[in-house]
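The chain contents come next:
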Amino acid sequence: LNAVLRTSFPDDAARPDAAWVAALDGLAAAARRHYRAFVYDDPDFLPYFEQATCIGEIAELKIGSRPARRSAARSIEELRAIPWVFSWMQSRHTLPGWFGIGSAVNEFLAARPDGLAMLREMYRTWPFWTTLIDNAQMILAKADLVIARLYADLVPDQALAGRVFDRIAAEYRATVDAVCRIAEQGSLLERSPILKTSIERRNPYVDPLSIIQLVLLKRLRAGEGPREELVNGVLESINGVASGLKNTG
């Protein structure tokens with residue numbers, strides 16, 4: 001009803017300032033560059049993704065109308081969007097929802113002495129920018145890098161895992177800092193206490209499911225135990241984590 005009413009009346013809202021649009025175009029280009037440099041251009045990224053998430057096991061879930069990949073090729077380009085996001089949610093990285101924002105904002109602020117004031121004014125008065133920042137807050141709050149580091153332990157090459165995880169953690173910290181500065185908050189979701197409390201209360205119940213999933217993944221990948229039982233256990237844990245986090249793909 002809200003959406004119908006909003007689109008049924010003349011649009012009298014003020015158009016965003018041209019300088020704001022230009023600023024957002026620059027931020028989008030910078031965020032995309034940082035994201036692609038990591039996800040597509042870093043040779044360590046794909047092995048980390050395949051081993052530190054349950055992307056292979058998610059493909060066995062009977063919940064989709066299509067395969068997880070468009071072909072058998074092992075590449076990011078061949079992976080479909082839903083399993084891509086789903087696997088990062090399961091491993092508590094939540095990477096697709098925020099990676100690149102922190103670096104882009106830091107670049108913008110380094111080049112613009114008045115940049116922070118502009119981004120704050122945009123947040124207060126431009127619904128599009130407000131929604132983008134608030135969505136980033138939500139998905140950042142659902143991340144848990146302590147649990148995510150345990151998933152990184154699934155990677156046989158721990159030197160590679162450390163390099164990739166450290167880069168993820170650094171971008172996470174930069175993005176949390178950028179979002180809080182723009183929203184003029186001391187912490188994520190400071191002005192959304194109901195959502196913040198909901199996430200804080202749910203996450204401790206999800207953590208044991210993640211630990212169970214980690215144990216089962218290690219045993220499954222090492223061939224320790226009956227495969228069918230281990231696969232079923234992993235799939236049950238995937239359903240449980242998804243239900244607890246309230247996000248899939």
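Look up: the structure comes first, before these words.
Predicted model only: the values in this text are computed from it and were never measured. (Residues numbered from 1 in each chain as written. Predicted model: local features only at pLDDT ≥ 70, side-chain atom pairs only at ≥ 80, totals over all residues. Heavy atoms only, no water.)

### Things to note about the pattern of salt bridges
Note the threshold: Any Lys or Arg side-chain nitrogen located within 4 Å of an Asp or Glu carboxyl oxygen qualifies as a salt bridge. By definition, any uninterrupted DSSP run of H or I lasting at least four residues is a helix, any uninterrupted run of E lasting at least two residues is a strand, and each is numbered from the N terminus.
In total, this model carries eleven salt bridges according to the counting rule given. Arg-33 is the partner of Glu-107 in a salt bridge, and the nearest nitrogen-oxygen pair spans 2.9 Å. On the criterion of sequence distance, the pair formed by Glu-107 in helix H6 (residues 101–111) and Arg-33 in helix H2 (residues 18–39) is long-range, its members being 74 residues apart. Asp-114 is the salt-bridge partner of Arg-112, the closest N and O atoms lying 3.3 Å from each other.

### Quick word on the nonpolar core
Buried together is how nonpolar side chains tend to be arranged in soluble globular proteins. Put simply, the test is: Nonpolar core, defined: a set of buried Ala, Val, Leu, Ile, Met, Phe, Trp, Tyr and Cys residues in which side-chain atoms within 4.5 Å join the residues together. The rule is simple: take the accessible area with a 1.4 Å probe, protein chains only, and divide by the maximum for that residue type; under 20% is buried, over 50% is exposed, in between is partly exposed. Contacts between residues were defined by any pair of non-hydrogen atoms, one from each residue, lying within 4.5 Å.
The biggest cluster of nonpolar side chains holds 64 residues, and the ones touching the most others in it are Phe-45, Tyr-48, Phe-49, Trp-84, Leu-119 and Trp-129. The leading source of residues in this core is helix H10 (residues 158–183), at 13 residues. In contact with Trp-84, other than residues within four places in its own chain, are Tyr-35, Val-39, Phe-45, Phe-49, Ile-76, Leu-79 and Pro-96. Residues Leu-61, Leu-216, Leu-220 and Ile-238 belong to the second largest nonpolar core, which totals 17 residues.

### A look at helix H11 (residues 193–222)
Spelled out, the test is: In this scheme, a helix's expected span is set at 1.5 Å multiplied by one less than its residue total.
Here H11 is 30 residues long and its end C-alpha atoms lie 43 Å apart, about the 44 Å a rise of 1.5 Å per residue gives. Restricting attention to buried positions, one finds in H11 the residues Ile-199, Arg-202, Asn-203, Val-206, Ser-210, Gln-213, Leu-214, Leu-216, Leu-217 and Leu-220. Looking at the buried positions of H11, the neighbouring elements they touch are helix H4 (55–58), helix H5 (81–90), helix H8 (127–142), helix H9 (145–152) and helix H12 (227–245). Looking at the residues trailing H11, positive phi occurs at Gly-223, about 70°.

### What to know about the packing of aromatic side chains
Note the cut-off: Centre distance within 6.5 Å is the pairing criterion for rings of Phe, Tyr and Trp, where only the six-membered ring of Trp is used; planes under 30 degrees apart are then read as stacked, over 60 as edge-to-face, and the remainder as tilted. Whether a charge sits over a ring depends on NZ of Lys or CZ of Arg being within 6 Å of the ring centre and within 35 degrees of the ring normal.
For the structure shown, the criterion picks out twelve aromatic pairs. Both rings, one in Phe-38 and one in Phe-99, keep their centres 4.8 Å apart while their planes meet at 20°; by these two values the pair is stacked. Note that Phe-38 is positioned in helix H2 and Phe-99 in the loop between H5 and H6, a separation of 61 residues in sequence. This pair shows no difference in class: Phe-38 is buried, exactly as Phe-99 is. Between Trp-126 and Phe-128 the ring centres are 5.9 Å apart and the planes differ by 40°, which places this aromatic pair in the tilted class. Residue classification places Trp-126 among the buried positions, given a relative accessible area of 12%. Clustering of aromatic rings is evident, with ring pairs tying together Phe-38, Phe-45, Phe-49, Trp-84, Trp-88, Trp-98, Phe-99 and Tyr-172. Sitting over the face of the ring of Tyr-40, Arg-36 holds its NZ or CZ atom 4.0 Å from the ring centroid. The ring of Phe-165 has Arg-149 lying over it, and the distance from NZ or CZ to the ring centre is 5.4 Å.

### Description of the environment of Thr-130
Relative to the helices and strands, Thr-130 resides in helix H8. In this structure Thr-130 comes out as buried when scored by relative accessible area, which is 18%. Separated by ten residues in the primary sequence, Thr-130 and Arg-120 place their C-alpha atoms 9.4 Å from one another. Residues within four places of Thr-130 in sequence aside, it is in contact with Met-122 and Tyr-123.

### Focus on the environment of Phe-108
Within the secondary structure layout, Phe-108 lies in helix H6. Every residue in contact with Phe-108, bar those within four places of it in the chain, is listed here: Ala-23, Leu-27, Gly-115, Met-118 and Leu-119.

Purely geometric stuff here, so don't read any function into it on its own.
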